[in-house]
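Residue-level structural notes
What follows is each chain in one-letter form.
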Amino acid sequence: MRPLGTVRTLLRRPPRAWFRAAQAAALAGVVEVGLRTVRLPRLTRLLGVRLVLDGTVGRVGDLGLVRLSSSEAERLDVTWRVLRHRPFNGTCLRRALLGAHALRHRDHAVRIGVQKVAGEVKAHAWLEVDGIVMDPDGIESFRSLTAGAPA
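Described below are features of the structure shown in this document. (Residues numbered from 1 in each chain as written. Predicted model: local features only at pLDDT ≥ 70, side-chain atom pairs only at ≥ 80, totals over all residues. Heavy atoms only, no water.)

**Quick word on the overall build of the protein**
- Summing up its helical and strand segments, the protein has five helices and four strands in all.
- Counting every position in the protein, which comprises 151 residues, the buried fraction comes to 38%.
- A separation threshold of at least 6 residues defines the contact pool for the protein, and within that pool the share at least 24 residues apart is 65%.
- When the accessible surface of the protein is split by element, carbon and sulfur atoms take 57% of a total near 9,100 Å². (Helix = DSSP H or I, 4+ residues; strand = E, 2+ residues; numbered from the N terminus. Buried < 20%, exposed > 50% of the residue type's maximum accessible area, 1.4 Å probe, protein only. Contact = heavy atoms within 4.5 Å. Areas by Shrake-Rupley, 256 points an atom, 1.4 Å probe, with all protein chains shown as cover.)

See the structure below:
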């Protein structure tokens, strides 16, 4: 039943959304292969995405502070919707990378943070646009990574 609902939703959207969904699906495949075969800094360069590992975090606040054009908002929405469906892996890193690619012409950053909970290290990635965190779910508890010396 779910795939039929997805098709219905897509058919209600304008044809440009279909094209953007196909682009996002193709790019999601490229990102998946890239995450498994190359280092993250190289993948972000290939995608035209800015990976920022400087230990800082953008402002957490109202997402309405980021002024997206209707085209940008649609591009980001379609991209993130594609990642919710199989066979895609909509983890935070993939969302951040594909979202940054969709808005790569804007001032953006992909950041990665870590936290330790009950002896277990957890990681989270998020997208920032114009210095504002676009994925504010719980990033306050994550410590943003800084680039270390090459291994």
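**So, unusual backbone geometry**
- Positive phi is not limited to glycine here, since Ala 118 has a value of about 50 degrees.
- Mapped onto the elements, Ala 118 comes out in the loop between β1 (108-117) and β2 (120-129).
- With phi around 55 degrees, Asp 130 is a residue other than glycine that occupies positive phi space.
- Residue position: Asp 130 is located in the loop between β2 and β3 (132-133).

**Some points on the sheet that holds β1**
- Strand order in this open sheet of four strands is β3-β2-β1-β4, and the pairing throughout is antiparallel. Every other strand in the sheet has two partners, leaving β3 and β4 (143-144) as the edge strands with one partner each.
- Here β1 pairs with β4 via two bridges, running antiparallel. Within the sheet, the bridge partner assigned to Val 114 lies in β4 and is Arg 143. (Pairing = 2+ DSSP bridges.)

**Focus: the packing of aromatic side chains**
- All chains considered together, the criterion is met by zero aromatic pairs.
- Arg 95 extends its terminal NZ or CZ atom over the ring of Trp 80, reaching a point 3.8 Å from the ring centre. (Phe/Tyr/Trp six-rings, centres within 6.5 Å; stacked < 30°, edge-to-face > 60°. Lys NZ or Arg CZ within 6 Å of the ring centre and 35° of its normal.)

**Here we look at the packing of helix α2 (residues 15-37) against helix α4 (residues 70-82)**
- Look at α2 against α4: their axes get within 9 Å of each other, and the N-to-C directions meet at 50 degrees. Taken together, the axes of α2 and α4 lie oblique to each other. The element α2 and its partner α4 pack so that their crossing is right-handed. Contacts from Arg 16, Ala 17, Arg 20, Ala 21, Ala 24 and Ala 25 in α2 reach Ser 71, Glu 74, Arg 75, Val 78, Thr 79 and Val 82 in α4.
- Class assignment for the residues of the contact of α2 with α4 results in six nonpolar, two polar and four charged. (Axes fitted to C-alpha atoms, helices over the stretch in contact; angles between N-to-C directions. Parallel < 35°, antiparallel > 145°, perpendicular 65-115°, else oblique. Left-handed = near helix turned anticlockwise from the far one by under 90°. Nonpolar A, V, L, I, M, F, W, Y, C, P; charged D, E, K, R; others polar.)

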